[in-house]
Amino acid sequence: MSVVHDTAIGPLHLDASPRGLTLLGFSPGPETDDEPAADVLDLARREIDAYLDGSLRTFTVPVDLSAHPAWDRRVLDGLAAVGYGETVSYGKLAAAVGLGPGEARRVGGAMARNPVAIVVPCHRVVGADGSLTGYAGGLERKRTLLDLEARDTLLFSMY
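In this text the structure is predicted, and so the values were computed from the model without any measurement.

Calculation criteria
Residues numbered from 1 in each chain as written. Predicted model: local features only at pLDDT ≥ 70, side-chain atom pairs only at ≥ 80, totals over all residues. Heavy atoms only, no water. Helix = DSSP H or I, 4+ residues; strand = E, 2+ residues; numbered from the N terminus. Buried < 20%, exposed > 50% of the residue type's maximum accessible area, 1.4 Å probe, protein only. Lys, Arg positive; Asp, Glu negative; His and termini not counted. Salt bridge = Lys/Arg side-chain N within 4 Å of Asp/Glu carboxyl O. Polar contact = N/O pair within 3.5 Å; in protein donor to acceptor, adjacent residues only side chain to side chain. Contact = heavy atoms within 4.5 Å. Pairing = 2+ DSSP bridges.

A. The arrangement of the side chain of Asp64 in detail. Along the chain, Asp64 falls in the loop between helix 1 (38–52) and helix 2 (70–78). It turns out Asp64 is buried and unbridged, and the closest side chain with the opposite charge, Arg19, is 4.2 Å from it. Side chain to side chain, Asp64 and Ser17 meet in a polar contact 2.6 Å long. A polar atom in the side chain of Asp64 sits 2.6 Å from the side chain of Ser66.

Okay, here's the thing in structure tokens:
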């Protein structure tokens, strides 16, 4: 059972296990009978709001990807190296997680299945030429998130 959190970028659907956040998405996830972990959801809501208002750069809410294939987890874990305000191409992310040069599409598939958007920052993955490509929340939201991080990074570097 997911809960809806209203934000500046629209409603976000959240769910959590006792181990961590299992869903942060732009649409509801699969229905479960499990009672979501309230403490994880509370932390996730606070951190999402802080991120969107520019006062948080690094999420501390735990993430539980245990229900997802090891392949996807390997790629999603690789996003941890892509810092706030940075981007990486699908091909470079593929190389960073030990995949061959032709496996950028497999990375794209893992990004499309990312159940915990924003916290696991798939919005930071762009085309080889820097173009915005696929995002479950839509390219407009992807641009908004990248602009938020770029603006905040620029302001931070000025002081």
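On we go.
B. Representation of the environment of Thr7. As for its placement among the helices and strands, Thr7 is situated in strand 1 (residues 3–7). Setting aside residues up to four positions removed in sequence, Thr7 forms contacts with Leu12, Ile48, Asp49 and Leu52. Separated by 2.6 Å, the side chain of Thr7 and the backbone oxygen of Gly10 make a polar contact.

C. Representation of the pairing of strand 2 (residues 10–17). Summarising burial for strand 2: 7 of the 8 residues are buried, a large majority. Judged from the 5 bridges that link them, strand 1 and strand 2 form a sheet pairing that is antiparallel. Bridge assignment links Thr7 to a residue of strand 2, and that residue is Gly10. Adjacent in sequence and paired antiparallel, strand 1 and strand 2 are bridged by 2 residues. For strand 2 and strand 3 (residues 20–25), the ladder comprises 5 bridges, and the chain directions are antiparallel.

D. How the structure looks around the environment of Asp49. Within the element layout of this structure, Asp49 appears in helix 1. The class for Asp49 is partly exposed, based on a relative accessible area of 35%. Put simply, Asp49 and Ala8 are 41 residues apart on the chain and 8.4 Å apart in space, counted from C-alpha to C-alpha. When residues no more than four places from it in sequence are discounted, the contact partners of Asp49 are His5 and Thr7. A polar side-chain atom of Asp49 sits 2.8 Å from a polar atom in the side chain of His5.

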